[in-house]
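Chain and residue survey
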Amino acid sequence: MHPLEVSQCDFRVRLALCKISALSIACGAASSSDAGSTHNSVPSIEVPSETGTMPVEPGGSIGSDETATTPGDDDGDDDNGDGNGDGDGDGDGDGDDSAAFSFVVFGDLNGGGCDKNERFNRLVPLILAADPDFVVHTGDIIEGYGEESCFAAQPVGTLCNNGNESGNMAQQMAPLLHTGHDPKLRAFFYPVIGNHDGNWGSDWYPDPCGGGICDLLGLDSAGIEETYVNHGELLNAPGFAAHSLSHGDICGLERDSSGHPEDFYYAFPFRSSYFLMLSFQEDDTGMLDCNGSAPGYDDCADYCSAAELRLDAQRNADCDSVFQYDWLTAELMEASTTYEHIFVFAHAPLLGSGENHLPNSDAPRYRALFDEYGVSAYFNGHNHAYERTVPVRGGVEDPQGTHYVTVGTGGALTDTISGDWFTAYSYEDWTTYGDYERMTTYLEVRVDGDRVAANVVTLEGSTVDSFQIDGL
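So, here's what we can say about the structure. As the structure is a computational prediction, the values presented were derived from the model and not from experiment. (Residues numbered from 1 in each chain as written. Predicted model: local features only at pLDDT ≥ 70, side-chain atom pairs only at ≥ 80, totals over all residues. Heavy atoms only, no water.)

1. Examining the nonpolar core
One finds Phe103, Ile213 and Phe379 to be the most contacted residues of the largest nonpolar core, which totals 71 residues. Per element, the largest residue contribution to this core is six residues, and it comes from helix H4 (residues 113-129). Beyond its immediate sequence surroundings of up to four residues, Phe103 is in contact with Pro132, Phe134, Phe275, Phe343, Phe345, Phe379, Leu443, Glu444, Val445 and Val447. In this structure, Leu245, Ala330, Phe370 and Phe422 belong to the second largest nonpolar core, which totals 46 residues. (Core = buried A, V, L, I, M, F, W, Y, C linked by side-chain atoms within 4.5 Å. Buried < 20%, exposed > 50% of the residue type's maximum accessible area, 1.4 Å probe, protein only. Helix = DSSP H or I, 4+ residues; strand = E, 2+ residues; numbered from the N terminus. Contact = heavy atoms within 4.5 Å.)

2. Focus: the pattern of salt bridges
The tally for this structure, following the rule as stated, stands at eleven salt bridges. Measuring nitrogen to oxygen at the nearest pair gives 2.9 Å for the salt bridge that ties Lys116 to Glu143. With a gap of 27 residues between them, Lys116 in helix H4 and Glu143 in the loop between strand E2 (134-137) and helix H5 (169-172) connect regions that are remote in the sequence. The same class applies to Lys116 as to Glu143, namely buried. One salt bridge in this structure joins Arg315 and Asp326, with 2.7 Å as the shortest N-O distance. Of the two residues, Arg315 is situated in helix H10 (residues 313-318) and Asp326 in helix H11 (residues 322-335); the sequence distance between them amounts to eleven residues. (Salt bridge = Lys/Arg side-chain N within 4 Å of Asp/Glu carboxyl O.)

3. Here's the deal with unusual backbone geometry
The peptide bond linking Tyr205 to Pro206 adopts the cis configuration, its omega dihedral lying at -5°. Of note, Pro206 is situated in the loop between strand E3 (189-191) and helix H7 (213-217). Put simply, His260 and Pro261 share a cis peptide bond, and its omega is 0°. Along the chain, Pro261 falls in the loop between helix H8 (221-227) and strand E4 (266-270).

4. A few points about H11
Compared with the 20 Å implied by 1.5 Å per residue over 14 residues, the 20 Å span of H11 between its first and last C-alpha is a close match. Extensive coverage of H11 is indicated by the burial of twelve of its 14 residues. Considering only its buried residues, H11 is in contact with E4, strand E5 (273-277), helix H9 (300-305), H10, strand E6 (341-345) and helix H12 (363-373). (Expected span 1.5 Å × (residues − 1).)

5. As for the packing of aromatic side chains
Tallying each qualifying case throughout the model produces 38 aromatic pairs. Seen from their ring centres, Phe103 and Phe134 are 5.3 Å apart, and the 5° between their planes marks the pair as stacked. Here Phe103 is found in strand E1 (residues 101-106), whereas its partner Phe134 is found in strand E2, with 31 residues between them in sequence. Given the relative accessible area of 0%, Phe103 is considered buried. Measuring from ring centre to ring centre gives 5.4 Å for Phe103 and Phe275, while their planes differ by 90°; the resulting arrangement is edge-to-face. In this pair, Phe103 sits in strand E1 while Phe275 sits in strand E5, placing the two residues 172 residues apart along the sequence. Across the pair, exposure class does not vary: Phe103 and Phe275 are buried alike. (Phe/Tyr/Trp six-rings, centres within 6.5 Å; stacked < 30°, edge-to-face > 60°.)

6. Looking at the pairing of strand E13 (residues 441-448)
Among the eight residues in E13, eight count as buried, and that is most of the element. Of the two faces of E13, the one holding Thr441, Leu443, Val445 and Val447 and the one holding Tyr442, Glu444, Arg446 and Asp448 are both buried throughout. One ladder, built from five bridges, connects E1 with E13; its direction is antiparallel. Following the sheet pairing, Phe103 is matched in E13 by Val445. Sheet topology places E13 next to strand E14 (residues 451-458); eight bridges connect them, and they run antiparallel. For Glu444, the partnering residue across the bridge sits in E14 and is Asn455. Counting the residues that bridge the hairpin from E13 to E14 gives two residues, and of these Gly449 lies at a positive phi of roughly 65°. (Pairing = 2+ DSSP bridges.)

Put into structure tokens, the structure is as follows:
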């Protein structure tokens with residue numbers, strides 16, 4: 001279903017989608033052979049077509065005791081010694097590991113009353129019309145502290161109760177949740193968890209309707225682990241002390257027994273790239289907190305991130321959130337030797353000048369990790385704004401560095417971007433604070449060999465920012 005194909009979706013999928021009136025735009029654009037191409041309403045991305053032979057694409061999270069297996073159809077031929085005769089070594093017989101593909105990034109649907117629901121409702125068919133292979137949400141799917149939206153039920157006692165302003169996010173997102181996907185992917189919709197999606201108490205979580213993230217995704221605990229959370233229960237990677245990666249049932253709605261949001265992190269490969277989805281929601285907490293003891297180190301972040309302590313059991317006990325950081329490190333170590341590009345997603349920013357949410361004090365350690373393993377881009381939400389940095393490596397602009405992109409523009413109220421030395425572009429370069437129509441955008445990313453190109457597209461269908469990432 002990548003952009004190079006003529007027919008983008010299965011006829012049965014398109015027929016079902018066309019029954020939903022809000023999707024008339026998407027259905028018309030789903031195949032250029034149906035009714036003349038309406039795909040031109042969303043500008044295409046042009047990049048040089050430079051592809052090469054890519055490495056074997058394994059099926060799941062690398063640094064855990066569970067390896068997910070992607071669907072395949074090994075045919076037993078042996079043209080390249082891997083048993084399937086396709087030349088790409090992934091066992092599916094299609095030879096497309098280096099083929100171009102695209103994905104869409106968007107996020108932050110909280111704040112702004114019923115109007116933000118209506119804007120998001122109009123954004124969905126535009127996203128589908130872009131024909132991505134999959135979409136990523138950067139967090140804050142629901143209001144979290146108000147009654148304008150719930151995960152999978154209509155809020156009671158609000159005006160957001162029908163039509164385009166519906167606060168039932170499972171209903172609003174149905175086209176994204178139920179779109180068919182490439183057989184090498186386990187879903188079309190990939191979320192990270194925002195603070196409004198996982199902060200317990202005060203009607204933040206569970207939501208005001210009594211629901212949780214599994215209600216939105218329509219999956220039980222086993223389905224969540226099969227589709228998304230594939231890190232397993234125990235870190236089992238060379239050079240790291242084994243410790244638990246599981247802290248409860250993600251679908252659980254009782255705080256004492258739930259693993260949400262701590263355990264909602266995962267990874268998946270697709271063609272030439274590797275994708276890491278982190279559970280990182282807050283300004284002041286992260287993966288490098290400790291119980292106050294950091295013997296021989298300046299602070300908890302230095303202590304918990306020290307490479308020389310990865311096998312130290314005491315460090316694991318003192319750093320009670322380091323399990324995800326170790327998993328991330330192990331994943332990056334392996335992925336950097338195998339994939340052309342690594343993309344990381346989370347809710348909280350690691351570099352940016354959004355005035356409402358600044359990067360926390362641990363951010364330099366994460367950025368150093370990305371420098372070490374050549375992460376192409378880090379995408380986040382949290383700030384209701386769009387901001388793109390220059391490529392940054394070692395704390396300075398560097399063409400070989402990581403791009404940090406805030407994409408919190410799914411329809412909610414806007415935050416101010418103050419700008420800094422690293423800011424390459426922000427929404428304030430094309431519109432003004434409070435202009436929600438032109439502020440509501442999605443980011444389309446296309447990967448073609450060692451080149452990555454991206455467009456930011458508004459509700460009006462106009463491209464307001466474009467940039468390219470060269471191979472690292």
